[in-house]
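What follows is the residue order along each chain.
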Amino acid sequence: MAFEGVTGSGKSHLLTELASLGQAAGLRVVAVEALELNLKQVYSAMHMVLAVAMGLQACKSCSARELALQEKLQGLVEESSYCLLNVPFVVKFPLSEKVSKMSGAQRTTELGLVFKKLLQKIVEDELVLFVIDNAHYIDSASWAVMSHVLRDVPLFVVMGFAPARYGRQRLCEAAADIMKLQQTTHVHLGELKASAVVQKACRELGVVSVPRALETFLMQRSYGIPYYCEELLSDLKRHDMLLFHLLRKGEKMEDKWESLFTSVTEASPAAASWSSSAGKDRRVCTIRPDVNLQSIVLPSTLKGIALAEVDSMKPSERMVLKCAAVIGPTFTTELLLRLLPRWTRTKMNKALNVLVRGNILKWLNAGKVPEGSSVPTKGPASSLEEESGAQKRCLGETEKTARLQSGVLTFCAPLLREAAYELWPKGQRVAMHRKCAAFLERQAHKCQCCGGGDFVAFHRLALGSAREAESWDDRASERCSSSWEASLLRKEELKRDELRATPGTAKALQKEKSFLEETFRAAEQFLARTERVATVPSKAKGTPGAACACECRAIVDLVLVPLAHHHMAMGNDGRALYYLLECAAAYLHVSDNYLAFTNLKKAEVVRSSAAEKADVLACFEEATFLSLKGEVCYNMGCMELAKKTLRKALSLLKRKLPLTSAGVVFQFLLEKSERASHRKNKESSLHQEAGRERLPWLFRQSHCLSLLRQLFSLEGTSSGRRLSRLAALMKVNTAEESEDASHILLSYMEYARCCQDLGCQEEWLQYGRAAIQLSSDVELFGGGVLKAAKFAQALSHLNLSLGNLPLSVDVGYRAKSLWMELEKPDLDCEVLATLFAALFLQMRYPECEEVLRRLEKQVAAEHSIIGQAYFFSCCLDLLLYAGWEYKSFEECRSFVEQNEANHILSSHNSILLGLYSSLALWFGRLGQWAEFQKPFEKAKRLLKRADASVLATQACSRLLECYTLVLRNDIERSSARARESRSRALRLVEEVFARCSTSPVFYPRAYHLKAYVFCMLGNKDQSLLCLRQGLQACEANGNLLEKTWLEMSAERWFTGKGPVGDLWLETAPRFPQLKQAKPEVCSCRYLLKLPARPSEDALPGV
């Protein structure tokens, strides 16, 4: 049994445990540890093993060793060969004539035969377990002896060896042969996973919880190696950097910024035993507030291990490693070449190849950094091609040709990077950091696909002094303001007068019809324009029709993070804070909340350092820090902390939201008044340079207002709705003040969406029409694919809510492709959910399956709880309304029950309302009223806080069907609650119709259920009228799903024909798989049957 692993991976510990188990089982254990010098001595490892096995180490004199050897050798070898053992075992047998005549090679061969016979005799005499540590230091001659014995004699050997790394000889041929034997078990000890590291930390510290920051620190510094984890934890405890406190049973972790990403693990044996001994109390661990884990120096034990390996390198490889260590954990060959003093690319490539072969560095895949990236990624074009075929076969890396190398490398062993970094004198280190920063600042901007510019919009323009602003790269500053200046040129073309126009006297239905036609035309224009863009040569690729892939992840990893590191190392707190904020904004841009959080934690340290130095922090930087902090809190479900932080940020940006209801009303009227418009127009007419200086403030204000609008809309209270509407209107005014056309367009779409969610039909139509009209004048791709993707997403959702199902699908597919290029998983989930809804209503089942498969893969990769909620909601729709299964009902139910307490999911009322109403509807249809009650009551409570959004309206229609099933059940049982059930059902019918004023796509469902209620109550005429109106709405929208269901209900209720039994009830709970679905198959539907025994008391005229 061979355990292979790097130093510290636990080989020696495993060997010790196995030796103890062997002794307990009655085996004789022979344990040895090979040393590096054994490699150069023939049979040195074998004579060590035999000496221990024969007990020679206990013999204090030469004569005692001779007696022990004679006892073992008697009858095994000739006495004339005894003298061959003089040197290995330090004995003095007489030199025989036979041996004296042998050459050196003959003596070596004969000695090998003697060792083989001795080893065979020892194994035959008793059961022996051989334990060999550091087996990679065994000489080839000893391997050859063991290879022969293992083939002939049953022998149990346990060994541990390290993989062939830099400066270490690979296993010889005999050793390789042993590893290939059928009876050999080869176990590779890899690095621990993050969950195992957390468990180990909990066990070592005796706690049940460790902060996420500590988990990340251990993973980054230890690389998952157990011994390194232990040393790092010991060092932290030794320097009192960790705090411990008791967490009583039932007590929850506080909703604090510091504990936002706390990982709680109770699977650790030590934690479990401690918890049981402590009764109701549990111990948790936190990091001391003034400790920055990223700046902690390596413990001396780990530093010694790393330095020993660095010292064993050649000077050229050591110099490459030292320069790369200054750049950071990941680096480009272009920047590395600039740091190496008077080196050629060929020389650098040669040294890099040696380090890659030694598993110290590794090339990142071409997929890690997109091809054609604006980040300098020119790699060694011929470094691997120049190697000989024999070298390539030895390395097993024939597939890693120069064509696949991206020019980006990363450290395999972070400890080596830190040790190499500390070898630089401080003065040289600072100079190299300055050189790196100067090179990287040219690439510190968004990719072209996302429109370029800073990740914090117009961040460079917010610098305090003109001299400091001039010191930045001029071209980057031009990129920041180019889109704004282009918007100024189109200022006269924007038609905003229609937005401010007062509503006419036409009826709401005519307005809605007009809006529907305008939306239809806008969607077709958008599809035509984006189709043309797809055929334009890509700047990044240089080929027609090439996709524009987002490169922002590569930019933040290879440019922004190193820039922050370089400026922190130089002691430049102002620039360091700037780039840390850019890093946080960039990670939020690519949907990575945790890395945004870690960079904001670093920014907090820099802020504290600046405060200690009495440096004045710019107001805009402080506001940006708070706004990014609030955004992370919002994404992680800490809504109260997010609102508090964002309000403070908005106040620093010289905009405030009122705290009282009267203040909200007054502020709303002020924002809509002509005076506010006049003030805005006056400010926008200022000098162009003054306008440029306002841009960072306006865009940051707009971002804060957008987040606050979403936060207030989730409250589900009247005050929250008013504040949400006010924040959306303030964003519109802020966008208009910025005079950025695409910004104005998106703010109009957001305000229209807000009014739709609040049920304000007039303003929804007004601002929606304004956005649609403006879209034809805005160059969507002038700001990159990102803005076009946002508009496509909004347009797809708008068409869905209006009932333009085919166009919603077409625009949804376009939005999906744009988000896939941009790699925005969270937003991609919402687009896929909208696309599924439109496809599902048209019964396009094969496409539904494709979208669900994509959504499932997306949420599994990103662990998005909201994405999972969308996914299971879609699966429940399939089960309830089409009789097809993608995921079983039990899987959907399990997801809801396991995650209903999740703070992120629980803050989204509309999604939870949809999930609970679906569960209740399932149980109600099956007549399982005991199971029905719990989700039904939860859905009713959530309905009180629900808005008028598309999701909430859809969920409300499901809940209405639940009410109709309750009414039918009460009528059949002649229950005294029948009148009350009737009143509740009729009230909810009216509420659903009110919600449908801003979500017309659900009119067919509402008419269907209203017809069902009327039919149960005996009003056949009204029921028939509702069915006709529902069918007309289906014809207009292309809603095939509801149309077929309406036709089945009409046939069953009024002709007595139709299916004899209910196939849905007969098939439940297991339905056919979705992949078998065909659009024409629609018989597996739940039939809304009339009460079997109607009660006269429950059927008054309506």
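Above this text you will find the structure in question.
The rules behind the values
- Residues numbered from 1 in each chain as written.
- Predicted model: local features only at pLDDT ≥ 70, side-chain atom pairs only at ≥ 80, totals over all residues.
- Heavy atoms only, no water.
- Pairing = 2+ DSSP bridges.
- Helix = DSSP H or I, 4+ residues; strand = E, 2+ residues; numbered from the N terminus.
- Axes fitted to C-alpha atoms, helices over the stretch in contact; angles between N-to-C directions.
- Core = buried A, V, L, I, M, F, W, Y, C linked by side-chain atoms within 4.5 Å.
- Buried < 20%, exposed > 50% of the residue type's maximum accessible area, 1.4 Å probe, protein only.
- Contact = heavy atoms within 4.5 Å.
- Phe/Tyr/Trp six-rings, centres within 6.5 Å; stacked < 30°, edge-to-face > 60°.
- Parallel < 35°, antiparallel > 145°, perpendicular 65-115°, else oblique.
- Left-handed = near helix turned anticlockwise from the far one by under 90°.
- Nonpolar A, V, L, I, M, F, W, Y, C, P; charged D, E, K, R; others polar.
- Arc of directions from axis to C-beta.

**Q** Summarise the sheet that holds strand β11 (residues 361-363); cite the residues concerned and give the values.
**A** Judged by pairing direction, the sheet is antiparallel, and its three strands sit side by side in the order β10-β12-β11 without closing on themselves. Sheet topology places β10 (330-332) and β11 at the edges, where each strand pairs with a single neighbour. Averaged over neighbouring strand pairs, the angle between their axes works out to 30 degrees when direction is ignored.

**Q** Tell me about the nonpolar core, residues and numbers included.
**A** In this structure, L214, L336, L361 and V632 are the most contacted members of the largest nonpolar core, which totals 271 residues. Ranked by residues supplied to this core, first place goes to helix α39 (residues 865-881) with 13 residues. Setting aside anything within four residues of it in sequence, one finds V632 in contact with W257, L260, F261, L588, N593, A596, F597 and L600. V30, L73, L84 and F161 belong to the second-largest nonpolar core, a separate cluster that totals 57 residues.

**Q** For the packing of aromatic side chains, give the residues involved together with the corresponding values.
**A** Two aromatic rings, taken as a pair, are described by how far apart their centres are and by the angle between their planes. For the coordinates displayed, the defined rule picks out 31 aromatic pairs. Here W929 and F932 contribute two aromatic rings whose centre-to-centre distance is 5.1 Å and whose plane-to-plane angle is 75 degrees, an arrangement assigned as edge-to-face. Residue W929 and its partner F932 are both found in helix α42 (residues 929-943); the two are separated by three residues, about one turn of the helix. Accessibility expressed as a relative area gives 27% for W929, which makes it partly exposed. The buried category is assigned to F932, whose relative accessible area is 2%. Ring geometry for F936 versus Y963: centroids 5.2 Å apart, planes at 65 degrees, classification edge-to-face. With F936 in helix α42 and Y963 in helix α43 (residues 950-972), the pair connects residues that are 27 residues apart, well separated along the chain. Assessed through its relative accessible area of 5%, F936 is described here as buried. A relative accessible area of 12% means that Y963 is categorised as buried. Cluster of aromatic residues (ring-pair linked, three or more members): F889, W922, F923, W1064, F1071 and Y1086.

**Q** Tell me about unusual backbone geometry, and please be specific about residues and values.
**A** A cis amide bond links A1068 with the next residue in sequence, P1069, at an omega value of 10 degrees. Position of P1069 among the secondary structure elements: in the segment after α48 (1063-1067). Backbone geometry at Y43 places phi at a positive 60 degrees, although glycine is not the residue there. Positionally, Y43 belongs in the loop between β2 (28-33) and α2 (44-53). Positioned with a positive phi, D240 is a non-glycine residue whose angle comes to about 55 degrees. Note on D240: relative accessible area 52%, which makes it exposed.

**Q** Outline the environment of F89, listing residues and values.
**A** Structurally, the position occupied by F89 is in helix α4 (residues 86-89). Considering only alpha carbons, one finds F89 and C62, 27 residues apart in sequence, at a separation of 8.9 Å. Every residue in contact with F89, bar those within four places of it in the chain, is listed here: H47, L50, A51, M54, L56, R65, L69 and F115.

**Q** Hey, could you go over the packing of helix α41 (residues 909-926) against α43 for me, with residue numbers and the actual values?
**A** Viewed as axis vectors pointing N to C, α41 and α43 meet at an angle of 25 degrees, and their least axial separation amounts to 8 Å. Looking at the two axes, α41 sits roughly parallel to α43. Viewed along their axes, α41 and α43 form a crossing whose handedness is left-handed. Here S910, I911, L913, G914, S917, S918, A920, L921, G924 and R925 of α41 come into contact with α43, specifically with L951, A952, A955, R958, L959, E961, C962 and L965. Its residues assigned to classes, the contact of α41 with α43 comprises 10 nonpolar, five polar and three charged.

**Q** Mind laying out helix α40 (residues 889-899), listing which residues take part and the relevant values?
**A** Where α40 is concerned, the buried positions are F889, C892, R893, F895, V896 and N899. The buried residues of α40 occupy an angular sector of 155 degrees when projected down its axis, which confines them to one face. Among the structural elements, α39, α41 and α42 are those in contact with the buried residues of α40.

**Q** Let's hear about the pairing of strand β12 (residues 408-411): which residues, and what values?
**A** Across the two faces of β12 the burial is the same, with V408 and T410 and L409 and F411 all buried. Relative to β12, β10 runs antiparallel, the two sharing three bridges. Pairing of T332 across the sheet is with V408, part of β12. Two strands pair when backbone bridges link them, and β11 and β12 are joined in this way by three bridges, in the antiparallel orientation. Bridging across to β12, L361 finds its partner in F411.

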